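Survey of secondary and tertiary structure
Here are the chains, one letter per residue:
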Amino acid sequence: MGSSSQMIFVALFLCLSTSAIAGDPTLEHEWKITYGPIAPLGVTQQGILINGQFPGPVINCTSNNNIVVNVFNELDEPILLTWAGVQQRKNSWQDGTPGAMCPILPGKNYTYRFQVKDQIGTYFYFPTTALHRASGGIGMIKIHNRNLIPIPFDKPADEYAVLLGDWYNKGHKSLKSILDSGRSIGRPDGIQINGQSSKVGDANAKPLFTFEAGKTYRLRVCNVGLRLSVNFRIQGHTMKVVEMEGSHTVQNVYDSLDLHVGQCMSVLVTADQTPKDYYFVASSRFAQHPLSTVAVIRYANGNGPASPELPPPPPENTKGIAWSISQFRSFRWNLTSNAARPNPQGSYKYGKINITRTIKLVNTRSSSNGKLRFGINGVSHVDAETPLKLAEYYGVADKVFTYNLMKDEPQEGNKVEVAPNVVNGTYRNFVEIIFENHEKTIQTWHLDGFSFFAVAIEPGRWSPEKRKNYNLLDAVSRCTIQVYPNSWAAVMTTLDNAGMWNLRSEMRERAYLGQQLYLSVVSEARSLRDEYSLPETQQLCGIVESLPKPAPYT
């Protein structure tokens, strides 16, 4: 090939590899990750800050924007950030999980580059390494509709990010040490809201935000905790749910809402009460030792403190689970609304697609060599020194992991194999995933790279006959699902995004000790139409560090 032909080939390759993101606006961020003092529960501890902030900066973007985040790691440990809910179309290289990327070493930096392609909604980012999420490094991601796409509600006067969840006064290093010793980290110490907690009657409590009488506000709320489901409610006000993890919903009104670990939603709240202070209340769900906290919502020009009488929490125990399942079933996809694209959400008839594969996952709690482990279908995942995606791309997967150690059905017995857990997924297949929970604690699951239709949750055990109870019309398309004690949940999705994608428990203790897997979705075409090649700036580590780079996709 002559030199001029080579130049044409290279130019064509570069054009193809960037065509998906060229032409759309780019938002650039520079983040310094450091340690610093924080006190979410009033006890000062070492936190993980981003540009000196906890919670970290909000990524405020619009559908199809290109996001560039240059991360400088000034901690004494390697770190990675994942953008939970951002699908990273064709680009698991930027997903920020240990199975997809090498960590950012202390004193080094890495620049994430990704596009929020054809997405809207409310999400959050967090560290996937060690137990770093227990100390911070968390922030909101807001993806707005493009101006030409109407939203199914009037533009609110303002919108606010609310990151809430359980919290431990022990730092991430202490918690990791406990898990590494083979023990559980136990129950949390409290609940925080945007890095603070307060009690009823606390005269020094700073307002969470301010309302003006008569106006309507959008609250984007995420449960960023490690363990507990949370119920939130606002004294004297109702909440209208309008969006969940990228889907516009039927706009039902609620007095209180359950939000499970890792989940996000948007609610509209109208300031239609007497101007004064009101409490935003967050309390634990299904916990043996209930926890709660409050934050103040202040009316501009209001007069008077919040009432000490708080709105009651929902029921607990068996009645509480029935209440929560009923609320889940009330969440419906808004079929006539647009999302990121001009066509209505309901134009996608997921209920008429034939299922090509059923994967039934049963979470387990067990021990290996006398230490606590969590697993799925008899396999407890451990991260490899070489990221799974890099090993696969370089053709050395057999030296790092074995595909399909975990079977599509749970196996008999309590034996657990501790190893990287990688499952092959056929590109563009439509799959059904069943989550079955035989334990006495609630579970929450998250899938990177995709959204799925949450078609059913029921008590008991799943069987094929249960499909007759699926919502095949307007189940919400989202990326997390809760599974109640001794219950099951079913989701459906199309594996149309090539890459190495993490399916994990959102309870960090459980994920760290093995309750996760990676779904390898490979396009045999090795085409830029289906997946981006390894970025030139990608960090390398493990056994691929000294290997020659494979030929890029074409």
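Residues numbered from 1 in each chain as written. Predicted model: local features only at pLDDT ≥ 70, side-chain atom pairs only at ≥ 80, totals over all residues. Heavy atoms only, no water.

Going by the annotation in an unreviewed UniProt entry, the name recorded for the protein is L-ascorbate oxidase, with Sesamum alatum given as the source organism. Recorded in UniProt for the protein, the comment headed Sequence similarities (unreviewed entry) runs: "Belongs to the multicopper oxidase family." (UniProt positions renumbered as here; feature names shortened; annotations may be inferred.)

For the peptide bond that leads from Phe54 to Pro55, omega is -10°, which places it in the cis range. One can find Pro55 in the loop between strand S2 (45-50) and strand S3 (59-62). The phi angle at Asn64 is positive, at roughly 80°, despite the residue not being glycine. Despite not being glycine, Arg428 has its phi angle at roughly 75°, a positive value. Among the secondary structure elements, Arg428 is positioned in the loop between strand S25 (422-426) and strand S26 (430-437). (Helix = DSSP H or I, 4+ residues; strand = E, 2+ residues; numbered from the N terminus.)

What follows covers the sheet that holds strand S6 (residues 109-115). Read across the sheet, 4 strands follow the order S2-S1-S4-S6 without closing on themselves; strand pairing throughout is mixed. Single-partner strands in this sheet number two, and they are S2 and S6. Strand-to-strand twist in this sheet, taken as the mean axis angle between neighbours without regard to direction, amounts to 20°. Pairing geometry for strand S4 (residues 66-73) and S6, over 7 bridges, is antiparallel. Residue pairing for S6: Phe72 is matched across the bridge by Asn109. (Pairing = 2+ DSSP bridges. Axes fitted to C-alpha atoms, helices over the stretch in contact; angles between N-to-C directions.)

Pairing within the open sheet is mixed, and its 5 strands lie in the order S11-S20-S19-S13-S17. The open sheet has two edge strands, strand S11 (207-211) and strand S17 (256-259), and neither has a second partner. The mean angle between the axes of side-by-side strands here comes to 25°, regardless of whether they run parallel or antiparallel. By the bridge criterion, 6 bridges tie strand S13 (residues 229-234) to strand S19 (residues 277-285) in an arrangement that is antiparallel. Opposite Val230, over in S19, you have Ser284 as the bridge partner. Across the sheet, helix H3 (residues 317-330) lies against S13, S17 and S19, angled at about 95° from S17, the strand it touches most. (Contact = heavy atoms within 4.5 Å.)

On to the state of the cysteines, then. Summed over the entire model, instances satisfying the criterion amount to 2 disulfides. A sulfur-sulfur separation of 2.1 Å characterises the disulfide bridge that pairs Cys102 with Cys541. With the S-S bond torsion at -95°, the cross-link from Cys102 to Cys541 turns out left-handed. Within this pair, whereas Cys102 is found in the loop between strand S5 (81-84) and S6, its partner Cys541 is found in the segment after strand S33 (516-522), the two being separated by 439 residues in sequence. On the basis of relative accessibility, which here comes to 3%, the residue Cys102 falls in the buried class. Shown here is the disulfide that connects Cys222 with Cys264, its sulfur atoms set 2.1 Å apart. (Disulfide = S-S within 2.5 Å. Buried < 20%, exposed > 50% of the residue type's maximum accessible area, 1.4 Å probe, protein only.)

Moving on to the side chain of Thr480. On the secondary structure map, Thr480 appears in strand S30 (residues 480-483). The class of Thr480 is buried, set by a relative accessible area of 0%. A polar contact of 2.8 Å, which involves the side chain of Thr480, links it to the side chain of Glu245. Apart from the residues lying within four places of it in its own chain, the contact partners of Thr480 are Glu245, Gly262, Gln263, Thr444, Trp445, His446 and Phe452. (Polar contact = N/O pair within 3.5 Å; in protein donor to acceptor, adjacent residues only side chain to side chain.)

Sheet faces and side chains relate simply in a regular strand, where the side chains alternate between the two faces. With respect to burial, strand S32 (residues 499-505) is a largely interior element, 7 of its 7 residues being buried. The side-chain alternation of S32 yields two buried faces, one formed by Gly499, Trp501, Leu503 and Ser505 and the other by Met500, Asn502 and Arg504. Here strand S27 (residues 443-447) pairs with S32 via 3 bridges, running antiparallel. Bridge assignment links His446 to a residue of S32, and that residue is Arg504. Taken together, the 6 bridges between S32 and S33 define a ladder with antiparallel strand orientation. Across the sheet, the residue bridging to Arg504 is Gln516, located in S33.

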